[in-house]
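Descriptive analysis of the structure
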Amino acid sequence: MGKTRVEKALDILQQEIVLWRAEGTGEVFADLPGMRFYPVGDPRFYQWGLRLVWERSGDGTVLRRDEWQTVVDNLRARVSDTAFPVFVRVGGVPGAVFWDLGEGLPVVRITGNGWDLVDRSEELPVRFRRSAYMHPLPVPDSDAKPEDVFLIRELLNLSGEEEGKVRESLLLLVGWLLGTLNPFGSYPVLLLKGEKGAGKTTAARILKGLVDPHQVLSMAPSRDMKDLMVAAYWSHLVVMDNVSVFSQEFADALCRMATGEALYLRKLYTDYSEEVVVYRRPLIITSVVDPMTQPDLIDRALSVELYRVPDTDRKPEGDLYARLTELRPRIMGALAHLVSHALKETTEPQFLPRMADFARFVWRGLKALNLGDAFLSAYEKSRGMMELSAVFDDVAMSVLVAYIQEKGSFSGTAQELLTELEDFAGYTRQKPRGWPGSPVALGHRLARFKASLVALGMTVNYHRTRDGNIWTLGLGHGQSPYLEGFDRTDSHSNPQAGGAALPYGQTHLREQDDEAVILLPRKKGQLRAGLV
C-alpha cells in the first residue's frame, strides 16, 4: 500500500524545514530556506508549502484544506524541544543585539566588538516574527561613523529656535532612537508636539522608517486597548498620530506598554484555555497640545517640540522620503556603532533617572561621542518641564500649589482640604470642569501627583488616624531641582512685565527665554502670570 497524500507532503516538507517552538508560548514555527521564519499555521507557510508539495510530488498533488490541516497537526506533533526567543525587528541575547532587515534578508548582529551580517538561520540564537506588511531595511553602511547619526537633522524640522535648543532636541531624538535598539530595557514614550504645520506626523514616520519601516506608518488613537496590542504584536515601533487627550485607562495602558505588559486572553470558542501576549514597545505620539497630564505616564515619557515650517522652507513629502532612502544606510551604520559601544561600555553614570535601563543604555552608547552626560541632562530637563506642565494644567493641583505658597502648610482630611481649596479659589457654587467631585477623588489625585508635587519643592505626607486619614502638606526646605535658577517674581505688580489677570481653570506652562511661565493665584477668581 502506497503513502497517502498527507504522508507524501510531510516527507517533502521535512526535507526543507526545521521545526522549533517559541520560548514562553510554545507556538510551533518552521525555518524555511532563505532566512524565513513562519508559524506553521500562518497563511504564508500554507501558500509556500502547498506550492512546494505540488512541485516535488511528481504527480501534481494539490492538498485540500482538510489535508493541509492534518499536515499542520502532524508538524506540531513532531516538533522537537528546540526553542528560540521570538522578537519583532529588534531582538537579543546577553552581549548581542540582532536587528532584522526583513523577509529573506540577513540579520544585523551587533556585539561589543562591532557588527556583521548573519545570513544563515543556524547561526541565529533568536528568531523574528514578521508581518506580511513589514518593509525591508537596507544593509547598514560599513563606512558610517558614529557622528553620522546626526544626519537625521536633515530629515526633521528642528529650525525656528535658537541653536542651543535645536541641539538639545536633536540629542533627545538621537538618544531615543538609539534606545529603540535595546531589546532588554524599557522604552520611554516619545511625544512630538507642536503647532499645525510643524511636521510632527512626517517626523514620526521618518523615525519609524529608520528602525522599523512598515506599510502602516501610523495609527489613530483607539478606545479599544486590543487595537494597541495588535499593533504592538506586529510592529517594533508604534506611532499614534494626532492625539488630543488621554483617558486614565489609556494612559495606564501606555505605561504598561513602555515597561512591558502581559495580557491574558481567552482563546476563541473555549472557556478556560488561556493565551498570553507579552509585549514592550517604543511608542511615538504626535499632538498639537500636550496630552500627557498623568504623572505616571510623564515619568515614562520624553518630549520634543517641533516648530512650524516656514512656507519658504517647506519641502514636498516625497523629497523627504527620497532623502531618507539615501541617508538611511549611513544613519543605520552609525546607530549600529553606538549600540556596539553601549554593549562594550561597563561604566555607570553618576545618576539614573526613571526608565533606568533606557537611560543607561543610551548614556553608554553616546559616550562614544562624549554626549552621555549631556543626554541625561536634556532628558531630565524634558521630564521636569512635563512634570511642571502636568501640575499647573490640572485645575485642582494648580490651586493647591498656590494655596500652599500663600498659606505655607495644611494638615487635615481630604474633605477639609477640598473645602479649603474651594473657598480659596472662590468656587462656592459652580465648579470648573476637571475639579474633583468628592474628597475621595481629591485623595486619589493627590496620590497620583505626589511625586510631581515633591519635585516642585512641596512635602506631601499621608497617614491614618482614629479621626480619619490625614494629609499633611507644606513647603520643603530645599528648592525643586526643576525650578533651580528661576526667579520668583510677580509680573502683575509691574505692568511693563506683561502680567495679566486670568480666571481660574486657564492655567498653563510654557517656556520663555529658558524660564517657566506659569499662572499663579493673585486673588480669588484671578490668576497672575509669574516666572517660577
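Positions within a chain are numbered from 1, following the residues in the order the chain's sequence is written. Reporting in this predicted model follows two pLDDT cut-offs: at least 70 for local features of residues, and 80 or more for side-chain atom pairs to be given and counted; totals over whole chains, interfaces and linings ignore these cut-offs and use all residues. Side-chain figures throughout are based on the complete set of non-hydrogen atoms in the structure, without hydrogens or water.

1. Things to note about the environment of leucine 117
With respect to the helices, strands and loops of the structure, leucine 117 is situated in strand β9 (residues 114-118). In the structure, leucine 117 is positioned 10 residues away from valine 107 in sequence and 5.6 Å away in space, judged by C-alpha atoms. Between two residues, a contact is recorded if the distance between any of their heavy atoms is within 4.5 Å. Beyond its immediate chain neighbours, meaning those up to four positions away, leucine 117 contacts Pro106, Val107, Val108 and Val139. Strands are runs of DSSP state E lasting at least 2 residues, helices are runs of H or I lasting at least 4, and numbering of each runs from the N terminus.

2. Comments concerning the side chain of arginine 300
Residue placement: arginine 300 occurs in the loop between α8 (295-298) and β16 (301-305). Per-residue accessibility, obtained with a 1.4 Å probe over protein chains only, is compared with the maximum for each type, and a residue is labelled buried under 20%, exposed over 50%, and partly exposed between these values. Judged by relative accessible area, which is 14%, arginine 300 ranks as buried. Once residues lying within four places of it in the same chain are set aside, the contact partners of arginine 300 are Pro188, Val189, Cys255, Ala258, Thr259, Arg354 and Met355.

3. Topic: the sheet that holds strand β4 (residues 83-84)
If you walk across this open sheet you meet the four strands as β3-β2-β1-β4, and the pairing is mixed. The open sheet has two free edges, formed respectively by β3 (36-39) and β4, since each of these has just one partner strand. Looking at chain direction, strand β1 (residues 18-22) and strand β2 (residues 28-32) are connected through four bridges and run antiparallel. Looking at β2, one finds that valine 18 is bridged to aspartate 31. Lines fitted to C-alpha atoms define the axes, with helix axes restricted to the stretch in contact, and inter-axis angles between N-to-C directions lie between 0 and 180 degrees. Here helix α2 (residues 43-56) sits on the sheet and contacts β2 and β3; the angle it forms with β3, its principal contact strand, is near 110 degrees. Strand pairing is defined by DSSP finding a minimum of two bridges between the two strands.

4. Considerations on the sheet that holds strand β18 (residues 458-465)
Read from one edge of the open sheet, three strands run β17-β19-β18, paired in antiparallel fashion. The strands lining the two open edges of the sheet, one partner per strand, are β17 (409-412) and β18. For this sheet, the mean inter-axis angle between neighbouring strands, taken without regard to orientation, is 10 degrees. Across four bridges, the pairing between β17 and strand β19 (residues 468-475) is antiparallel. Among the inter-strand pairings, serine 411 is bridged to a residue of β19, identified as threonine 472. Contacting β17 and β19, helix α13 (residues 414-425) runs over the sheet at an angle of about 140 degrees to β17.

5. Some details on the pairing of strand β8 (residues 107-111)
The two faces of the sheet receive side chains in turn, since in a regular strand these alternate between them. Two elements, strand β7 (residues 96-100) and β8, share five bridges in a ladder whose sense is antiparallel. In the sheet register, alanine 96 faces β8, and the bridge partner there is threonine 111. Here β7 folds back onto β8, and the loop between the two strands holds six residues, one of which, glycine 102, carries a positive phi near 130 degrees. Of the pairings in the sheet, the one linking β8 to β9 comprises five bridges and is antiparallel in character. Bridge pairing in β9 places arginine 109 opposite aspartate 116. As consecutive antiparallel partners, β8 and β9 are separated by two residues.

6. Here we look at the nonpolar core
Formed by 117 residues in total, the largest nonpolar core has its most connected members in Met240, Ile285, Met292, Leu400 and Leu453. Counting residues in each nonpolar core, the second largest holds 24 residues, with Ala30, Trp48, Val53 and Val71 among its members. Think of a nonpolar core as a cluster: buried Ala, Val, Leu, Ile, Met, Phe, Trp, Tyr and Cys residues, connected wherever their side-chain atoms sit within 4.5 Å.

7. Some words on the environment of glycine 112
With respect to the secondary-structure elements, glycine 112 resides in the loop between β8 and β9. Residues within four places of glycine 112 in sequence aside, it is in contact with Gly95, Ser340, Leu343 and Lys344.

8. What to know about unusual backbone geometry
In this model, arginine 89 sits at a positive phi of 65 degrees, which is unusual for a non-glycine residue. Considering the arrangement of structural elements, one finds arginine 89 in the loop between β5 (86-87) and β6 (90-93). Arginine 89 sits in the buried class, given a relative accessible area of 0%. Residues other than glycine seldom take positive phi values, yet methionine 355 does so here, at roughly 60 degrees. Checked against the element boundaries, methionine 355 lands in the loop between α9 (317-344) and α10 (356-366). Residue methionine 355 is classed as buried on the basis of its relative accessible area, which comes to 4%.

9. Quick word on the confidence of the model for the protein
Overall, the prediction assigns the protein a mean pLDDT of 82, with 84% of residues at 70 or greater. Within a predicted model, pLDDT stands for the predictor's per-residue confidence, ranging from 0 to 100. Mean pLDDT values over the elements of the protein span from 30, in strand β22 (residues 527-531), up to 98, in β8.

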